[in-house]
Amino acid sequence: MSPNLLEIPSHAAPAAPATRPLVDSFARTIDYIRLSVTDRCDFRCVYCMSENMNFLPRADLLTLEELERLSAAFVARGVRKIRLTGGEPLVRRNVMELFRGLSRLFDRGLQELTLTTNGSQLARYAAQLADCGVRRVNVSLDTLDAEKFRALTRWGDIAQVLKGVDAALEAGLKVKLNCVALKGGNEGEFLPLVEWAHGRGMDVSFIEAMPLGEDAAYNIESLLPLDAVAAALAERLTLTPSTHVSGGPARYFDVAETGGRVGFITPLSQHFCDSCNRVRVTCTGTLYTCLGQEDQTDLRGPLRASKDDSALHAALDDAMRRKPRGHDFLAQWSGALAPSARHMSTTGG
Ligand code: SAM
Ligand code: SF4
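Note that this is a predicted model, so its numbers are computed, not measured.

1. Section: the pairing of strand S6 (residues 203-208)
Item 1. Among the 6 residues of S6, 6 are classified as buried, and the element is accordingly described as predominantly covered.
Item 2. Residues Asp203, Ser205 and Ile207 of S6 are buried on one face, and the alternating residues Val204, Phe206 and Glu208, pointing to the opposite face, are buried as well.
Item 3. The pairing of strand S5 (residues 174-181) with S6 spans 6 bridges and is parallel. Bridge pairing in S6 places asparagine 178 opposite serine 205.
Item 4. Crossover S5 to S6 through helix H6 (residues 190-199) is right-handed.
Item 5. Pairing of S6 with strand S9 (residues 261-265) involves 4 bridges; the strand directions are parallel. Pairing of phenylalanine 206 across the sheet is with phenylalanine 264, part of S9.

2. Quick look at the packing of helix H3 (residues 122-131) against helix H5 (residues 158-170)
Item 1. As a packed pair, H3 and H5 sit with axes 8 Å apart at the nearest point and diverge in direction by 15°. Looking at the two axes, H3 sits roughly parallel to H5. Crossing hand, H3 versus H5: right-handed. Contacts between H3 and H5 involve Leu122, Ala123 and Ala126 from the former and Lys163, Gly164, Ala167 and Ala168 from the latter.
Item 2. Partitioning the contact of H3 with H5 into residue classes produces 5 nonpolar, 1 polar and 1 charged.

3. Some thoughts on the site of ligand 1
Item 1. Residues in close proximity to ligand 1 total 18 residues, the closest being Tyr47, Gly87, Ser140, Met210 and Asn219.
Item 2. At 3.1 Å from a nitrogen atom of ligand 1 is found a side-chain nitrogen or oxygen belonging to glutamate 88.
Item 3. Here serine 140 contributes a side-chain N or O atom positioned 2.5 Å from an oxygen atom of ligand 1.
Item 4. Considering ligand 1 on its own, with 540 Å² of exposed area, one finds that the protein chains cover 95% of that surface.
Item 5. Put simply, the parts of the chain that give the shell around ligand 1 at least two residues each are strand S3 (112-117) and S5.
Item 6. In terms of residue class, the shell around ligand 1 is built from 6 nonpolar, 10 polar and 2 charged.

4. Overview of the environment of aspartate 254
Item 1. When you line up the elements, aspartate 254 lands in strand S8 (residues 251-255).
Item 2. Dropping the residues within four chain positions of it, aspartate 254 is found in contact with Thr238, Leu239, Thr240, Pro241, Ser242, Gly260 and Arg261.
Item 3. A polar side-chain atom of aspartate 254 sits 3.3 Å from a polar atom in the side chain of serine 242.

5. As for the confidence of the model for the protein chain
Item 1. Scored by pLDDT, the protein chain comes out at a mean of 88, with 85% of its residues at no less than 70.
Item 2. Confidence drops under a pLDDT of 50 for residues 1-5, and excluding neighbours within four residues, the segment shows 0 contacts in the predicted structure.

6. Regarding helix H4 (residues 146-153)
Item 1. The set of residues buried in H4 consists of Phe149, Leu152 and Thr153. The arc enclosing the buried residues of H4, seen along the axis, measures out at 85°, which places them on a common side. Across H4 from its buried face, at more than 90 degrees, point the exposed residues Glu147 and Ala151.
Item 2. Buried residues along H4 sit in contact with H5 and helix H7 (216-222).
Item 3. Put simply, aspartate 145 is the residue that caps the front of H4, since its side-chain oxygen is 3.0 Å from the backbone nitrogen of glutamate 147.
Item 4. Count one or two residues on from H4 and you reach arginine 154, which has phi positive near 65°.

7. A look at unusual backbone geometry
Item 1. The phi dihedral of alanine 27 falls on the positive side, at around 65°, and the residue is not glycine.
Item 2. Position of alanine 27 among the secondary structure elements: in the segment before strand S1 (32-36).
Item 3. One non-glycine residue, asparagine 94, lies in the positive phi region at around 60°.
Item 4. With respect to the helices and strands, asparagine 94 occurs in the loop between strand S2 (81-85) and helix H2 (95-103).

Rules used in this analysis
Residues numbered from 1 in each chain as written. Chains lettered and ligands numbered in written order. Predicted model: local features only at pLDDT ≥ 70, side-chain atom pairs only at ≥ 80, totals over all residues. Heavy atoms only, no water. Buried < 20%, exposed > 50% of the residue type's maximum accessible area, 1.4 Å probe, protein only. Helix = DSSP H or I, 4+ residues; strand = E, 2+ residues; numbered from the N terminus. Pairing = 2+ DSSP bridges. Right-handed = clockwise from strand over helix to strand, strands pointing away. Axes fitted to C-alpha atoms, helices over the stretch in contact; angles between N-to-C directions. Parallel < 35°, antiparallel > 145°, perpendicular 65-115°, else oblique. Left-handed = near helix turned anticlockwise from the far one by under 90°. Contact = heavy atoms within 4.5 Å. Nonpolar A, V, L, I, M, F, W, Y, C, P; charged D, E, K, R; others polar. Near = heavy atom within 4 Å. Polar contact = N/O pair within 3.5 Å; in protein donor to acceptor, adjacent residues only side chain to side chain. Areas by Shrake-Rupley, 256 points an atom, 1.4 Å probe, with all protein chains shown as cover. pLDDT = per-residue confidence, 0-100. Arc of directions from axis to C-beta.

So, in structure tokens, the structure goes:
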């Protein structure tokens, strides 16, 4: 007897809501979350925060247990990589308890646990992070010049950050530096930063300032398209396109003279939305499916409403249906649209 072609084979039965992969309406699979664990920070970078920031009341923040439960729900839905961010993730009280809790998700499918940090607390935590299964860390460092560093971060101490970078390397963590390129801010600093980093086995990614927060106008004025950074580096170094992919939006180049890599993250001058695989969750449990759009979904309500995760999974499904095709930074940069009032530290960079 010939098989009935229209019969649905049993293996095609729809997955249970709690295990169904997160796929949006543009067929992009979401397997990466950036989870902000605090909006607070010990720096006040000029492109990220104003000097007198108002922070959220602590009661609004997800507890460490809620952050862990939420992460477990995402991992059950196919998320393979979790990046903790903020604010400064390492200033959240008892954050190592969270790292320890999340490290248990490696048994349930999580493949990578990582963080983006300003490095100020790394000297204290690097070894513990390595113990929790963290293998790589992104450290934000825009310049090696102590005075410029202080001017850009307002409150930062570069010596503390450099100690943190050393501690991370000693703990066996792979370190990548992130550098926001700013016209009039750190031009002229790119070559020394790359040479210093590559000399220590660290790659460097450059990022264009995005028009976010109340100080968006500063970022729009300071925008330095990364072509200019690449051109400045190419005066002294030989850059060839690399086959390296990090799962993120950076395009990488190998540097012949140093054997290291530089990456360029160009949200403004080049869209990377088509291959977007990520969502962001704030420290209050608001899910943003796009860094540059206002679309949001409350996850704290469903998390707190019941110990059962079914409402949470329904909220995730709803968010997937609404994930926008891409950001509007270009229109915001050109003035055609108002910039997002959300700080990067709120959404989770
Ligand atoms: N405090 C940590 C840090 O600085 O690495 C993590 C949070 S921070 C918001 C994450 C990243 O976002 C940093 O690399 C920072 O340089 C970047 N960032 C902040 N505001 C930005 C903006 N307006 N445009 C582009 N990158 C920004
Ligand atoms: Fe803090 Fe990071 Fe924002 Fe700088 S970029 S103010 S270190 S959250």
